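# A structural walkthrough
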Amino acid sequence: MESSETNPDLESFREQWRAEVRARHQQSHRPRQHQHATAGPSTGSRKPPPPTKKPIAKEYEEDYVPTKVFDEPGQPATITGVAAVPTKKEPFTALEHYEKAVEREAAGNLGDSLRLYRKAFRMDDQVDQNYKAKHFPRAKFPQKMAAPKSGDSSTAAAPGDAKADQPQTMKELIASFAGLSIEPVPPEIEGMPQPPCPISNLPDEILVHILRDVAVADVGDFVRLAQVCKRFAFLVVTEDRIWRRICLGVEFGFGGMHYHWQRQITWEPLAEEDLEREAAEEAAAVEAFTQSSGATSPTETEQEDGFVVPVFDLEKRAEKLADESTANTLAFFNSLYGSSWQRMFRLRPRLRFNGCYISTVNYVRSGMANSNSITWGAPIHVVTYYRYLRFFRDGTCLSLLTTAEPNDVVHHLTRETYASHHSGHVMESALKGRWRLARAGDNPGASLSEVEGDVMVETEGVSKYVYRLDLTLKSAGKGARNNKLAWRGFYSWNRLTDDWAEFTLRNDKPFFFSRVRSYGVMGA
């Protein structure tokens, strides 16, 4: 017999369930609301969170890979701080296995290095001491002077001589070269006249002009001239006119950096719709900032000065961007770098074109135990793969994910090889892309110094996808600057559904720059 009275708890549950079903039904038929107002990488109207507001992926000091210099194709890479080992013949002795293991570890291949280390120690448990005695003998390192005893009066220095015994600073040492001239080479035989030295008779104006031409051709050669003589060292360090030309030039300086897109992802020239979208993005960013901060909207003059007004002519746009880049460089020169062009060139973030950026990734994966094995544990696999990024001066780039080692890849990261590669070639999975550095329009509320250093890369993806890499320039190693690209985010964009997805960065490691001599000095 049914009860004539309804259960209030049951009715309440039914009403709550019906409300949830209606809400889900309405949400599924509602037009998609964009979470982000700015445009996507190429043609959409959404983009991932601004890279300037996202923290850098967690890094560890052991992620650093020693700097490599790749010579001509067919020659092994030179790794800083690691002894060169012949790689053609197979290792035979314990020491050769250990040397091969050190080389493989420096290249980032931990799986092979662990196997070689294990085999070397099985053959000789003192192989590490033999390696140290061969490549790092004690005779190469100066012996430390014994500290004088407190009661020894013969070694006690006078208080007035303490300042004289202190070494000069680098600034004081360079300043002491100011009055020196270029001296000819001494004669080979004593008593004979000195050989002629025409360059010592040149006036400083002509000498500075020659040094400037050398710096424009190759800034590395210009810096190495400081090793010739003290007069050259003084001019290289203190001649601000040359460093100003380097910083403002497009050869190695910030005139060659791009803070707006210069090409499409497919390397085609920008179309009018790309320029319209760019102007709309920047106008939307400025409008969002004025609404959030309560500031007044920019006037027409401010809009024209701030590149909010669209410029659809590519030549006029290039001129406007060049003027804007020069103005920013001059502003940083006076504010952030203490009016030193040399300091700006060394410290200000910039990309390099005479090499490529390599990310070496190692992670551990558990294997399956063999049923016929007598061991209890399951095998552990060390998986190694590499990411390569090469930037070109025109705002394009090449991206490659592969298990091939750098010696087999870096010399093929060229436009010519990409255009003519065949099936099965290492460049078969390479992706076209474009790059730019961050600008004030990406984060209107932040100062230029906060935005500087962020790099945005967009590449082709699989089928309907576009990949977006948000990176930032950092420094790694002793004395090196801007040789590291750290991750901020990695996204994929579906061009059909206009959806964004974020890749996890659990295994990915930072990129480190490596010089490739086959690219040439300019890296064109």
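The structure presented is a predicted model; accordingly, all values stated were derived computationally and were not measured.

So, about the overall build of the protein chain. Assigned secondary structure in the protein chain consists of 16 helices and eleven strands. Long-range contacts, defined as pairs at least 24 residues apart, comprise 60% of the intrachain contacts of the protein chain with a sequence gap of at least 6. Of the roughly 31,900 Å² of accessible surface on the protein chain, a fraction of 53% belongs to carbon and sulfur atoms.

Another point: the nonpolar core. L351, F391, V457, L471 and L485 are the most contacted members of the largest nonpolar core, which totals 49 residues. Counting residues per element, this core draws most heavily on helix α9 (residues 230–238), at five residues. Filtering out sequence-adjacent residues up to four positions away, L471 remains in contact with L389, G453, D454, V455, V457, L485, A486, W487, R488 and F511. In terms of nonpolar packing, the next biggest core, distinct from the first, is built from 18 residues, C356, Y386, L413 and Y418 among them.

Let's shift gears to helix α4 (residues 127–135). Along an α-helix, a turn takes 3.6 residues, which lines up residues three or four apart on a common side. For α4, the complete set of buried residues consists of V127, Y131 and H135. Down the axis, α4 shows its buried residues gathered within 55 degrees of arc, on one side only.

A few words on helix α3 (residues 110–123). For α3, which comprises 14 residues, the first-to-last C-alpha distance of 20 Å matches the rise-based estimate of 20 Å (1.5 Å per residue) to within 8%. Along α3, the residues that are buried comprise S113, L116, Y117 and A120. The arc that holds every buried residue of α3, seen down its axis, measures 105 degrees, which confines them to one face. Turning to α3, the residues buried within the fold contact α2 (94–106) and α4.

Attention now moves to the packing of aromatic side chains. Where two aromatic rings form a pair, the distance of their centres and the angle of their planes describe that pair. Inspection of the entire model under this criterion finds 21 aromatic pairs. Each ring, one from Y98 and one from F121, has its centre 5.9 Å from the other, and the planes form 80 degrees; the classification is edge-to-face. Taken together, the residues span a long stretch of sequence, with Y98 in helix α2 and F121 in helix α3 at a distance of 23 residues. A residue is classified by how much of its surface remains accessible, and F121, at 35% relative accessible area, is partly exposed. Taken together, a centroid distance of 5.9 Å and an interplanar angle of 80 degrees make the contact between F391 and W435 edge-to-face. Here F391, found in strand β4 (residues 380–391), pairs with W435, found in strand β6 (residues 431–437); they are 44 residues apart in sequence, far enough to count as distant. Judged by its relative accessible area of 0%, F391 falls in the buried class.

Bridge analysis of strand β3 (residues 355–366) against β4 gives ten bridges, and the strand direction is antiparallel. Within β4, the position partnered with S359 by the bridge is R387. Looking at chain direction, β4 and strand β5 (residues 396–402) are connected through six bridges and run antiparallel. The residue of β5 that forms the bridge with F391 is C397. Counting the residues between successive antiparallel strands, the hairpin from β4 to β5 contains four residues, one of them, G395, with a positive phi of roughly 95 degrees.

What follows is about the confidence of the model for the protein chain. Summary statistics for the protein chain give a mean pLDDT of 78 and a share of 74% for residues scoring 70 or more. Within the protein chain, β5 carries the highest mean pLDDT (95), whereas helix α12 (residues 300–305) carries the lowest (46). Low confidence marks residues 80–86, where pLDDT is under 50. Its contacts with residues over four positions away, or in another chain, come to seven contacts. Scored below 50 in pLDDT, residues 300–308 shows 16 contacts in the model against residues more than four places distant or in partner chains.

Take the pairing of β3 next. Note that β3 and strand β11 (residues 511–516) share four bridges and pair antiparallel. By the bridge assignment for β11, C356 is matched with S514.

On to the environment of R390. Here R390 is to be found in strand β4. Linking R390 and G355, residues 35 residues apart in sequence, is a C-alpha distance of 7.1 Å. Polar side-chain contacts of R390 include one of 2.7 Å to the backbone oxygen of L413.

Take unusual backbone geometry next. The phi angle at W267 is positive, at roughly 75 degrees, despite the residue not being glycine. If you trace the backbone, W267 turns up in the loop between α10 (240–248) and α11 (272–293). Its relative accessible area of 15% is what places W267 among the buried residues. Positive phi, close to 55 degrees, is recorded for S463, a residue that is not glycine. Summarising the element assignment, S463 is placed in the loop between β7 (454–460) and β8 (465–474). Here S463 falls in the exposed class, since its relative accessible area comes to 62%.

Before going further, it helps to examine the packing of α2 against α3. The description of two packed helices rests on the angle between their axes and on the distance between the axes. One way to put it is that α2 packs onto α3 with a least axis distance of 8 Å and a crossing angle of 160 degrees. Considering their axes alone, α2 and α3 lie roughly antiparallel with respect to each other. Judged by the sense of rotation from one axis to the other, the crossing of α2 with α3 is left-handed. On α3, the residues that touch A94, H97, Y98, K100, A101, V102, R104 and E105 of α2 are L110, D112, S113, L116, Y117, K119, A120, F121 and M123.

The full count for this structure, using the stated rule, is twelve salt bridges. A salt bridge links E99 to K134, with the nearest nitrogen and oxygen atoms 2.8 Å apart. Taken together, the residues E99 in helix α2 and K134 in helix α4 connect sequence positions 35 residues apart. Taking the relative accessible area as the measure of exposure, E99 reaches 7% and is therefore buried. Two residues, E452 and R348, come together in a salt bridge whose shortest N-O distance is 2.9 Å. You can see E452 sitting in the loop between α16 (448–451) and β7 and its partner R348 sitting in the loop between α14 (341–347) and β3, a full 104 residues away along the chain. No difference in accessibility class separates E452 from R348, as the two residues are buried. One continuous salt-bridge network, built from bridges that share partners, spans R434, E458, R468 and D470.

The grouping of D313, E315, E319 and D323 at the surface amounts to a negative patch. Structurally, D323 is set in helix α13 (residues 314–335).

Reading guide: rules and limits
- Residues numbered from 1 in each chain as written.
- Predicted model: local features only at pLDDT ≥ 70, side-chain atom pairs only at ≥ 80, totals over all residues.
- Heavy atoms only, no water.
- Helix = DSSP H or I, 4+ residues; strand = E, 2+ residues; numbered from the N terminus.
- Contact = heavy atoms within 4.5 Å.
- Areas by Shrake-Rupley, 256 points an atom, 1.4 Å probe, with all protein chains shown as cover.
- Core = buried A, V, L, I, M, F, W, Y, C linked by side-chain atoms within 4.5 Å.
- Buried < 20%, exposed > 50% of the residue type's maximum accessible area, 1.4 Å probe, protein only.
- Arc of directions from axis to C-beta.
- Expected span 1.5 Å × (residues − 1).
- Phe/Tyr/Trp six-rings, centres within 6.5 Å; stacked < 30°, edge-to-face > 60°.
- Pairing = 2+ DSSP bridges.
- pLDDT = per-residue confidence, 0-100.
- Polar contact = N/O pair within 3.5 Å; in protein donor to acceptor, adjacent residues only side chain to side chain.
- Axes fitted to C-alpha atoms, helices over the stretch in contact; angles between N-to-C directions.
- Parallel < 35°, antiparallel > 145°, perpendicular 65-115°, else oblique.
- Left-handed = near helix turned anticlockwise from the far one by under 90°.
- Salt bridge = Lys/Arg side-chain N within 4 Å of Asp/Glu carboxyl O.
- Patch = residues over 30% accessible without salt bridge, like charges linked within 9 Å, V, L, I, M, F, W, Y side chains within 5 Å.
- Lys, Arg positive; Asp, Glu negative; His and termini not counted.
- Charge placed at Lys NZ, Arg CZ, Asp CG, Glu CD.

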